[in-house]
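Summary of structural features
One-letter residues, chain by chain:
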Amino acid sequence: MCNPGVRTYGEAQLSESIVRGKRVVEVGSRNVNGSLREHVDQFGPASYLGVDIEAGPGVDEVCDAEDLVARYGPASFDLVICTEVLEHVRNWRIVISNLKQLLTPDGVVLITTRSFGFPYHAFPHDFWRYEVDDMRTIFADMTIEAMATDPGAPGVFVTARRPLHLIERDLTGIRLHSMIKRRRCRELSDFDVSVFTKKRRALQLAGRLLPDLKTFVKRRRGPRT
């Protein structure tokens, strides 16, 4: 996915020197509202692989983000692109570790995601919100080359380079803002997600039924005199 802010940031960061002759993977490549793929392709990457959890436009192979390294192996790509995905993955630590491990030494990862204040949007779920300080901590084991906030909506963008010898930071203690619990927390249980989902479905159902209920009540009361 690619809103105007994401597109502007991505096009500024992904220059010919970053792309040409490189092996590129886009994680979460299903083209819902735009993609950076056309921009990247013009610079002649050695290869471009789009992966997503489900098939669709822009998806070359279906693969869960938690299984990337198991599927493609460590140090398999020179450039990893992941836009508007991380807020939707429950086990974010595993996914971020996969993104880091996919990179060759000196490889680059470009990530965009949403921050606190951005409304709930499920594809099919919406779990987390990331802030600039969160990203600084999460990518402290890499060289952060650029970081910005989305000028159009709450969101954070980061470009980081893998060192020659990556020693992954322990992310266990990090708390992110949860859209499920509406506070910062480390983990989400199956119970947390189940209760939230049931409540949301009930609210959605009530929202659909409310107009019909108002019409029914109005008819029962009859015209005002």
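Structural data are supplied above this passage.
Residues numbered from 1 in each chain as written. Predicted model: local features only at pLDDT ≥ 70, side-chain atom pairs only at ≥ 80, totals over all residues. Heavy atoms only, no water.

1. With respect to the packing of aromatic side chains
For clarity, the threshold we go by: A pair of aromatic rings is counted whenever rings of Phe, Tyr or Trp (Trp by its six-membered ring) have centres within 6.5 Å, and the orientation is called stacked for planes under 30 degrees apart, edge-to-face for over 60 and tilted otherwise. In DSSP terms, a helix is any run of H or I states spanning at least four residues, a strand is any run of E spanning at least two, and both are numbered starting from the N terminus. Only protein chains enter the accessibility calculation, which uses a 1.4 Å probe. A residue is then buried if its area is under 20% of the maximum for its type, exposed if over 50%, and partly exposed in between. Note on criteria: charge over ring means Lys NZ or Arg CZ within 6 Å of the ring centre, with the direction from the centre no more than 35 degrees off the ring normal.
A complete count under the given rule lists 4 aromatic pairs for this structure. When the ring of Tyr9 is compared with that of Phe157, the centres are 5.1 Å apart and the planes differ by 40°; the resulting orientation is tilted. Highlighted residues: Tyr9 in helix H1 (residues 4–13) and Phe157 in strand S8 (residues 155–161), separated in sequence by 148 residues. Judged by its relative accessible area of 9%, Tyr9 is buried. On the numbers, 5.4 Å between centres and 50° between planes, the contact of Tyr120 with Phe196 is tilted. Residue Tyr120 is located in the loop between strand S5 (103–114) and strand S6 (128–129), and its partner Phe196 is located in helix H7 (residues 190–221); the two are separated by 76 residues in the primary sequence. Seen from the ring of Phe139, Lys100 lies directly overhead, with NZ or CZ sitting 5.2 Å from the centre. Its guanidinium or amino end placed over the ring of Phe118, Arg114 lies 5.1 Å from that ring's centre, counting from NZ or CZ.

2. Notes on the sheet that holds strand S4 (residues 77–83)
Selection criterion: For two strands to count as paired, DSSP must find a minimum of two bridges between them. Two residues form a contact once any of their heavy atoms are found within 4.5 Å. Here an axis means a line fitted to C-alpha atoms, over the contact stretch when the element is a helix, while the angle between two N-to-C directions is reported on a 0 to 180 degree scale.
Strand order in the open sheet formed by 7 strands is S3-S2-S1-S4-S5-S8-S7, with mixed pairing between adjacent strands. Lying at the two open borders of the sheet, with one neighbouring strand each, are strand S3 (61–62) and strand S7 (143–149). Pairing geometry for strand S1 (residues 23–27) and strand S2 (residues 47–52), over 5 bridges, is parallel. Considered in S2, the bridge of Glu26 is made with Gly50. Each of S1, S4 and S5 touches helix H5 (residues 92–102); the most contacted strand, S5, lies at about 145° to it.

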